[in-house]
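# Coordinates in review
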Amino acid sequence: MADIIDTAVDAGSFNTLVAAIKAANLVDTLKGAGPFTVFAPTDDAFKKLPEGTVDALLKDIPKLKKILTYHVVSGKVTAADVVKLKSAKTVQGTEVKIDASKGVKVNDATVTTPDVATDNGVIHIIDTVLIPA
């Protein structure tokens, strides 16, 4: 099995996320022992952001790090665990809301593919980029 970064690269639909992780110097962290749970927005999710947002974030590394770490929860939280939660504390320090009443939503993002296994955690693919308040 591959780690979170290699799994995202191999999937081919997370080019923006991987580029952002590289820009924010978080590759070594997400290749680390973990375990981590990553709510991973697809390239299509990044395309929903207002034009110029991604480029602006790539130039504002502290803000980029804040947004990226808002997509990560310490520990391995599988779909079976997620449905029992109302919120989860992110590595960024604040919580994301979890609503499992109709599918699974994390804040305003829908989990489109849960439980992508990696050797240092789990990825849940989401359709919207999470932005901390």
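Read on for a plain summary of the structure. (Residues numbered from 1 in each chain as written. Predicted model: local features only at pLDDT ≥ 70, side-chain atom pairs only at ≥ 80, totals over all residues. Heavy atoms only, no water.)

## Remarks on the overall build of the protein chain
Heads up, the condition is: Numbering of helices and strands starts at the N terminus; helices are DSSP runs of H or I of at least 4 residues and strands are runs of E of at least 2. Throughout, the radius of gyration refers to the C-alpha atoms, and the reference size of a globule is 2.2 Å times the residue count to the power 0.38. Buried residues are those whose accessible area, probed at 1.4 Å on protein chains only, stays under 20% of the maximum for their type, while exposed residues exceed 50% and partly exposed ones sit between those limits. The contact criterion used throughout is that any non-hydrogen atoms of two residues lie within 4.5 Å. Reported accessibility uses the Shrake-Rupley method at a 1.4 Å probe radius. Residues are deemed covered only where the shown protein chains occlude them.
Within the protein chain one finds seven helices and seven strands. Each helix (α) and strand (β) of the protein chain, taken in turn from the N terminus, gives the series α-α-α-β-α-α-α-β-α-β-β-β-β-β. Computed over its C-alpha atoms, the radius of gyration of the protein chain comes to 13 Å, within 12% of the 14 Å expected for a compact globule of 133 residues. Along the first, second and third principal axes, the C-alpha atoms of the protein chain reach 40 × 30 × 25 Å. Out of the 133 residues in the protein chain, the part that is buried amounts to 43%. For the protein chain, restricting intrachain contacts to residue pairs at least 6 apart in sequence, the fraction spanning at least 24 positions comes to 62%. Carbon and sulfur atoms make up 55% of the accessible area of the protein chain, which amounts to about 6,900 Å² in all.

## Structural notes on the pairing of strand β7 (residues 121-126)
The condition is simple: In this analysis, strands are considered paired if DSSP registers two or more bridges between them.
Counting buried positions along β7 yields six of six residues, so the element is predominantly enclosed. A two-sided burial pattern is seen for β7, the buried positions comprising G121, I123 and I125 on one face and V122, H124 and I126 on the other. Examined bridge by bridge, strand β1 (residues 36-41) and β7 share six bridges and lie parallel to one another. Its bridge partner lying in β7, A40 is registered against I125.

## Notes on the packing of helix α2 (residues 15-23) against helix α6 (residues 61-69)
Our working rule: For helices, the fitted axis covers only the stretch in contact; all axes are lines through C-alpha atoms, and the angles between them, taken along N-to-C directions, range from 0 to 180 degrees. Convention used here: angles under 35 degrees read as roughly parallel, angles over 145 as roughly antiparallel, angles from 65 to 115 as roughly perpendicular, and any remaining angle as oblique. Helix crossings fall into two classes, left-handed where the near helix is turned counterclockwise from the far one by less than a right angle and right-handed where it is turned clockwise.
At a closest axis distance of 9 Å, the pairing of α2 and α6 adopts a crossing angle of 125°. In terms of their interaxial angle, α2 and α6 are classed as oblique. With respect to the hand of their crossing, α2 and α6 are arranged in left-handed fashion. Touching L17, A20, I21 and A23 of α2 are I61, L64 and L68, all from α6.

## Structural notes on the pattern of salt bridges
Cut-off, in case you're wondering: Between Lys or Arg on one side and Asp or Glu on the other, a salt bridge is scored when a side-chain nitrogen of the former is within 4 Å of a carboxyl oxygen of the latter.
For the structure on display, the rule yields three salt bridges. A salt bridge links K31 to D6, with the shortest nitrogen-to-oxygen separation between them at 3.0 Å. Here K31, found in the loop between α3 (27-30) and β1, pairs with D6, found in helix α1 (residues 4-11); they are 25 residues apart in sequence, far enough to count as distant. The closest approach of N and O atoms between K47 and D44, which form a salt bridge, is 3.6 Å. On the criterion of helical spacing, the pair formed by K47 and D44 is a turn pair, its members being three residues apart in helix α4 (residues 43-47). The same class applies to K47 and to D44, which are both exposed. Through salt bridges that share partners, D3, D6 and K31 make up one connected network.

## A word on the nonpolar core
So the rule is basically this: Only buried residues count toward a nonpolar core, which is a set of Ala, Val, Leu, Ile, Met, Phe, Trp, Tyr and Cys residues joined through side-chain atoms within 4.5 Å.
One finds F14, L17, I21, L30, V38 and L68 to be the most contacted residues of the largest nonpolar core, which totals 26 residues. At the level of secondary structure, the elements contributing two or more residues to this core comprise α1, α2, α3, β1, α4, α6 and β7. Per element, the largest residue contribution to this core is four residues, and it comes from α2. Once residues lying within four places of it in the same chain are set aside, the contact partners of L30 are D3, I4, I5, I21, F36, V38, V72 and N120. Judged by nonpolar contacts, the second largest core, of 14 residues, contains A88, V111, I126 and L130.

By themselves, these are just geometric observations and shouldn't be taken as functional.
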